[in-house]
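Residues per chain are reported as follows:
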Amino acid sequence: MRHRPAVIVSLSLNVSLIILLFAGFFTPPLPAYAGESEWTAEATPGRLDNTLAPTDMDIRDMAIGDDAMTLYAAPGDSIADTVIYKSADTGVSWATIPVSARADFVAVAPDDKNLVVIANSSTHEVFLSLNGGTSWDSLGVPTGATSISDLDISEPRENKYYIAVAGTDTTGGNLWYLGYGHGAPIWQETRTFSGLAPSTDAINALAFSPDFAADSTIATVTDAIGTGVQLQLLNV
C-alpha cells in the first residue's frame, strides 16, 4: 500500500470557537418553522427487562451498530467477569458475551455491526471480533503504550479497516493505529509524526472522520502542558 506522509494539524479550541462564532454572524438565518412550537409529556418507560446485569455494574463505554438496533456495552472493572453486553433490539433485551480480557472500551465498524473491537486499559491489549463477539482475536499491544484512553474503528479504506487507540507512552500523549484487512496488522505510533504539539501530555479522545475513506483524517482531543486542551487532526 502506498504510504503518504502523515500530517498533524493543531487547532486551539478557543480560536476554533471564535472562528465559528464569527462565521455565525454572516450565516443567513434559517427559515422560520411554520408549525407551532410546543412541549409534550411522555410516559416514563415501564419495562423492567432493560437492566443489563448486576445493579452495582457500571457502563464504561458503549457502541451502536450500523443497523441502529445492535448495541454493545463495556462494563470495565465494575464487575469481576470478563464480558461485554450485547443487544440486538435497541436495548430491550441483553445477552452476555464472554471476551478474552476485561473490556474497558468498545467500538464497532460504521458499516458492519459484527466487526467489534475492545481494549483493556490495564494490559493495553486490543481484541477484534468479526462475528459479533462469538470469537475474538488479539491485535496485541500498541508498542510502548502506558495507558489507553479511547478506541475507534474506521469505515473501510483501500479494503482495510483502520483501528486506533489513544493514550500515553513514556514520553507523553500518543496515538496508535493499524490497518486490518490483508497482510499482518502492525501498530503504528504517531507521536514522532510532524506537527504534533511537542508539549502534548495525553491524547484523551479520538474519532475517525465519517468520510475517512476519502480524507484519511482522525480527530483527537489532546492535553498539552502550558496550552491546555486542543483539537488536533491527524492525516494518515
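Starting from 1, residues in each chain are numbered consecutively following that chain's sequence as written. Local features in this predicted model are restricted to residues of pLDDT 70 or higher, and side-chain atom pairs are both shown and tallied only at a pLDDT of 80 or more, whereas totals for entire chains, interfaces and linings draw on every residue. Hydrogens are left out, water is left out, and the side-chain values use all remaining heavy atoms of the structure.

**A few points about the overall build of the protein**
Defined as follows: The way it works is that DSSP assigns letters per residue, a run of H or I at least four long becomes a helix, a run of E at least two long becomes a strand, and they are numbered from the N terminus. Note on exposure labels: buried denotes an accessible area under 20% of the residue type's maximum, exposed denotes more than 50%, and partly exposed covers the range between, all computed with a 1.4 Å probe on protein chains only. The contact definition used throughout considers only heavy atoms, calling two residues in contact when any of these lie within 4.5 Å. The method behind every accessible area is Shrake-Rupley, applied with a 1.4 Å probe, and residues are considered shielded solely by the protein chains displayed.
Along its length, the protein carries two helices and 16 strands. A buried classification covers 42% of the 236 residues belonging to the protein. When contacts within the protein are restricted to residue pairs at least 6 apart in sequence, long-range pairs at least 24 apart make up 42% of them. Per element, the accessible surface of the protein, about 13000 Å² overall, is 58% carbon and sulfur.

**Quick word on the environment of Arg191**
Short version of the rule: We define a polar contact as two N or O atoms separated by no more than 3.5 Å, with the added condition that, inside protein, one atom must be a possible hydrogen donor and the other a possible acceptor, whereas residues neighbouring each other in sequence contribute only through side-chain atom pairs.
Tracing the sequence through the fold places Arg191 in the loop between strand 13 (188-189) and strand 14 (200-208). Since its relative accessible area comes to 17%, Arg191 is described here as buried. Spatially, the C-alpha atom of Arg191 lies 7.1 Å from that of Gly173, the residues being 18 residues apart in sequence. Excluding anything up to four places from it in sequence, Arg191 contacts Asp169, Thr171, Gly172, Gly173, Asn174, Leu196, Pro198 and Thr200. For Arg191, the side chain forms a polar contact with the main-chain oxygen of Pro198, separated by 3.4 Å.

**Things to note about the packing of aromatic side chains**
Defined as follows: Put simply, two rings from Phe, Tyr or Trp (the six-membered ring, in Trp's case) pair if the centres are within 6.5 Å, and we call them stacked under 30 degrees between planes, edge-to-face over 60, tilted for the rest.
This model, assessed by the stated rule, comprises three aromatic pairs. Between Tyr162 and Tyr177 the ring centres are 6.1 Å apart and the planes differ by 40°, which places this aromatic pair in the tilted class. Here Tyr162, found in strand 11 (residues 161-169), pairs with Tyr177, found in strand 12 (residues 172-180); they are 15 residues apart in sequence, far enough to count as distant. Tyr177 carries the same exposure label as Tyr162, and that label is buried. Taken together, the ring pairs in this structure connect Tyr162, Tyr177, Phe208 and Phe212 into an aromatic cluster.

**Notes on the environment of Asp89**
Tracing the sequence through the fold places Asp89 in the loop between strand 4 (83-87) and strand 5 (95-98). In this structure, the C-alpha to C-alpha distance between Asp89 and Met69, residues 20 residues apart in sequence, is 5.1 Å. Side chain to side chain, Asp89 and Ser87 meet in a polar contact 2.8 Å long.

**What about the pairing of strand 3 (residues 71-74)?**
The cut-off we apply is this: Pairing between strands is defined by DSSP: at least two bridges between them are needed.
A two-sided burial pattern is seen for strand 3, the buried positions comprising Leu71 and Ala73 on one face and Tyr72 and Ala74 on the other. Of the pairings in the sheet, the one linking strand 2 (residues 61-64) to strand 3 comprises four bridges and is antiparallel in character. Across the sheet, the residue bridging to Ala63 is Tyr72, located in strand 3. Linking two consecutive strands that pair antiparallel, namely strand 2 and strand 3, is a turn of six residues; a positive phi of about 60° is found at Ala68 within it. Note that strand 3 and strand 4 share three bridges and pair antiparallel. Paired with Leu71 across the strands is Ser87, a residue of strand 4.

**With respect to the confidence of the model for the protein**
What counts here: What pLDDT conveys is the predictor's confidence in a given residue, as a value from 0 to 100.
Residues of the protein with pLDDT of at least 70 account for 76%, and the chain-wide mean is 83. The low-confidence segment residues 10-33, where pLDDT is below 50, has eleven contacts with residues more than four positions distant or belonging to other chains.

**Looking at the side chain of Thr70**
Note that Thr70 resides in the loop between strand 2 and strand 3. For Thr70, a relative accessible area of 3% gives the class buried. Within the structure, the side chain of Thr70 is placed 2.9 Å from the side chain of Asp67, a separation counted as a polar contact. Those residues in contact with Thr70, other than ones at most four positions away along the chain, are Ala63, Ile64, Gly65, Lys86, Ser87, Ala88 and Lys113.

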